[in-house]
Amino acid sequence: MTPFALWVYLSTSPLLWLTGTLIAWLAASRIAVACGRHPLVNPVMLAIAFVAVALKLAHIDYKTYFDGAQFVHFLLGPATVALAVPLWRNRDLVGRSLLPMLAALTVGSLVAVGSTIAIAALFGAPFDVIASLAPKSVTAPVAMAVSERTGGLPSLTAAVVVATGIFGAMIVTPLMNRLGIKDWAARGFAVGLASHGIGTARAFAVHPVAGAFSGLAMALSAVVTPILVPIVLGILK
Amino acid sequence: MIIGFAALLVCQLAGEITVRWLGLPLPGPVVGMMLLVVAIALRSLALRRFGGGKAEAPVSHVADSLLGNLGLLFVPAGVGVVQYLDLIAANGAAIGIAIVVSTVLALVATVVTFRVVKRLLPASDAPTSDAGDRA
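Residues numbered from 1 in each chain as written. Chains lettered and ligands numbered in written order. Predicted model: local features only at pLDDT ≥ 70, side-chain atom pairs only at ≥ 80, totals over all residues. Heavy atoms only, no water.

> For this particular structure, what's the right way to read empty space enclosed by the protein?
Regions of empty space are outlined by a rolling probe, equal in size to a water molecule, passed over the atoms. Residues and elements named next belong to chain A. Applying the stated rule across the entire model yields 2 cavities of 30 Å³ or more. Here the largest cavity defines a volume of roughly 70 Å³. The wall of the largest cavity is formed by Val172, Thr173, Trp184, Arg187, Gly188, Val191, Arg202, Ala203, Val206 and Ala210. Going through the elements one at a time, α11 (154–179) and α12 (184–206) are the ones with two or more residues in the lining of the largest cavity. A per-element tally of the lining of the largest cavity places α12 first, with 7 residues. (1 Å grid on protein atoms, 1.4 Å probe; cavity = no way out; pocket = protein on both sides within 12 Å on 5 of 7 lines; lining within 4 Å. Points joined across faces, edges and corners; volume = space filled by probe spheres on them. Helix = DSSP H or I, 4+ residues; strand = E, 2+ residues; numbered from the N terminus.)

This is the structure:
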């Protein structure tokens, strides 16, 4: 086999891009740890950038990449189920926090959806863009379904959801420190509500209690947001 | 490890079936998570009757591995999003400002509401950082 034929084989095989995804993540998390888990050095953003640059340089389309990376992507489902474990470990604290959580869920979801719609409308964005933005704080599969149902563009929603997740994960630590909030449950709940799974990944890296509450907030907002978005969008019409 | 992973998949499967059967507007894995909490709670009751042990033990290793690398799982979808970045760029400042301002507002509104309601409740304001499980 010539080196070129070997490359043609490898670059289109799932093995190469699955391996590449894992190595990009390992490199990104090493860098994040080496930077003392500085909030601005977000490993998800770094790993995405590494892979995106590699694909660009190798002229590989996303479909070929995803044939390999889908095995990692598939684990999102089991990982969501696994959130039950930190939830169970913190059940006493969760039980004592039911009222604060319900209140924060209601207010936080309303502010997340309402402020997004208000700002986009203020800037004169067309309705399909507003509808694409509205569910941006909720986990991607739910957000895309909501966007589609309310007249948005699901692919734009997916891009906005990832951007929201990464931005929330980067800003949460400095923001909460500036507000002087030391309650890990409250901090975690806020980042899970505002920035879904990518925020939850940050929360688990910071503190297990923050991770547990972040996962719970993400699950609860996946329940509330599909109900909330059509109502708030209806006011606009 | 395998038994733990199988347990996660069984719960997810049961969640997907439940959601489709009942036509619930929920992601299947979220229902799967609730089912796993119930399963762990039932196991805890059984363990209390027949001696000790941690109820979450069969799934704790695989759950901690997955959740410890949760960020990795968003990389494939995130890479796909890079090809839509021009869609964001085309819609200009509105999207960028909406993301930044509304995410900050949502974080502040959520955390402030959580703290205010917690403080209003009688005798529940123990610092949560002492109550957590540091596994």
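That shown, we press on.
> Explanation requested: the packing of aromatic side chains in the structure shown.
Residues and elements named next belong to chain A. Under the criterion given, the structure shown has 5 aromatic pairs over all chains. Relative to Phe66, the ring of Tyr62 lies with its centre 5.7 Å away and its plane at 40°, an arrangement referred to as tilted. With Tyr62 and Phe66 both in helix α4 (residues 62–74) and 4 residues apart, the pair spans about one turn of that helix. On the basis of relative accessible area, Phe66 is assigned to the partly exposed category, the value being 24%. The aromatic ring of Trp88 is capped on one face by Arg91, whose charged end is 4.0 Å from the ring centroid. (Phe/Tyr/Trp six-rings, centres within 6.5 Å; stacked < 30°, edge-to-face > 60°. Buried < 20%, exposed > 50% of the residue type's maximum accessible area, 1.4 Å probe, protein only. Lys NZ or Arg CZ within 6 Å of the ring centre and 35° of its normal.)

> What should I look at first to understand the interface of chain A and chain B in this one?
The parts lose accessible area when they come together, and the size of an interface is often stated as this lost area. With 93 residues of chain A at the interface, the matching set in chain B holds 75 residues. In total, chain A and chain B occlude about 7300 Å² of area from one another, counting both sides; carbon and sulfur atoms represent 83% of this. Summed over the three residues of chain A that lose the most area to chain B, namely Val81, Trp88 and Arg89 of chain A, the buried surface amounts to 10% of that side. Counting across the chain A and chain B interface gives 4 salt bridges. (Contact = heavy atoms within 4.5 Å. Buried area = accessible area lost by both parts, 1.4 Å probe. Salt bridge = Lys/Arg side-chain N within 4 Å of Asp/Glu carboxyl O.)

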